[in-house]
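# Observations on chain architecture
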Amino acid sequence: MSKKGGGAASILKLIVPAGKAMPSPPVGPALGQRGVKSMDFCKQFNDRTKDLITETPTPVAISIKPDRTFTFDIKSPPTSWLLKRAAGVTKGASQPGKDIVGTVSLKHIFAIGQIKSKDPAMSHIALDKICKSVISTAKSAGIKVVH
């Protein structure tokens, strides 16, 4: 006998440009194979991200229930993207530790730390610890932190 009934919700994690979600790849196929109408997701996502800078890479966790309804949580942009934007560079160093592609100040680090602290996963971590993590990410991308 097959089992029917309430299964657990599946979670799909994507990085979608803010305000630019379209039913084309990667959003459309990822949702389509799970039976969710991608146009519904795109409308809701674009509406919730309209206040963000357009094309900001936005991580989203989509929870899809067995009846094909969904909810989603939007997280803050990746730390590396925020650092590259603050430093004014398009990509990190090819040899981190040897090459320096840009610089950021502690003011930038603090601002990025405040953005990251708003994520639910980071709510229990102290701001100074988040800032230390941001500094480590900057070093691994070849971005120098100046005081």
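The name that an unreviewed UniProt entry assigns to the protein chain is Large ribosomal subunit protein uL11m, with the source organism given as Coemansia erecta. Turning to the protein chain, the UniProt record has this under Sequence similarities (unreviewed entry): "Belongs to the universal ribosomal protein uL11 family."

What follows deals with the packing of helix α4 (residues 106-117) against helix α5 (residues 127-141). Packing of α4 against α5 brings their axes to within 9 Å, and their N-to-C directions diverge by 115°. The two elements α4 and α5 cross, and the hand of that crossing is right-handed. Note on element contacts: α5 touches α4 through Leu127, Ile130, Cys131, Val134 and Ile135, opposite Leu106, Ile109, Phe110, Ile112, Gly113, Gln114, Lys116 and Ser117. Here the residues of the contact of α4 with α5 are counted per class, giving nine nonpolar, three polar and one charged.

Moving on to helix α3 (residues 79-87). Taken together, the buried positions of α3 are occupied by Thr79, Leu82, Leu83 and Ala87. For α3, the angular spread of the buried residues around the axis is 125°, confining them to a single face. Here the buried face of α3 lies against β4 (102-105), α4, α5 and β5 (143-146). Among the residues trailing α3, glycine 88 stands out with phi positive, at a value near 75°.

Quick look at unusual backbone geometry now. Residue proline 26 is reached from proline 25 by a cis peptide bond, and omega for that bond is 5°. Unlike most non-glycine residues, glutamate 55 shows phi in positive territory, near 75°. With respect to the helices, strands and loops of the structure, glutamate 55 is situated in the loop between α2 (38-48) and β2 (57-64). In the Ramachandran plot, arginine 68 falls in the positive-phi region, its phi being about 70° despite a non-glycine side chain. Looking at the element boundaries, arginine 68 is found in the loop between β2 and β3 (70-74). Judged by its relative accessible area of 54%, arginine 68 falls in the exposed class.

What counts and what doesn't
- Residues numbered from 1 in each chain as written.
- Predicted model: local features only at pLDDT ≥ 70, side-chain atom pairs only at ≥ 80, totals over all residues.
- Heavy atoms only, no water.
- UniProt positions renumbered as here; feature names shortened; annotations may be inferred.
- Axes fitted to C-alpha atoms, helices over the stretch in contact; angles between N-to-C directions.
- Helix = DSSP H or I, 4+ residues; strand = E, 2+ residues; numbered from the N terminus.
- Left-handed = near helix turned anticlockwise from the far one by under 90°.
- Contact = heavy atoms within 4.5 Å.
- Nonpolar A, V, L, I, M, F, W, Y, C, P; charged D, E, K, R; others polar.
- Buried < 20%, exposed > 50% of the residue type's maximum accessible area, 1.4 Å probe, protein only.
- Arc of directions from axis to C-beta.

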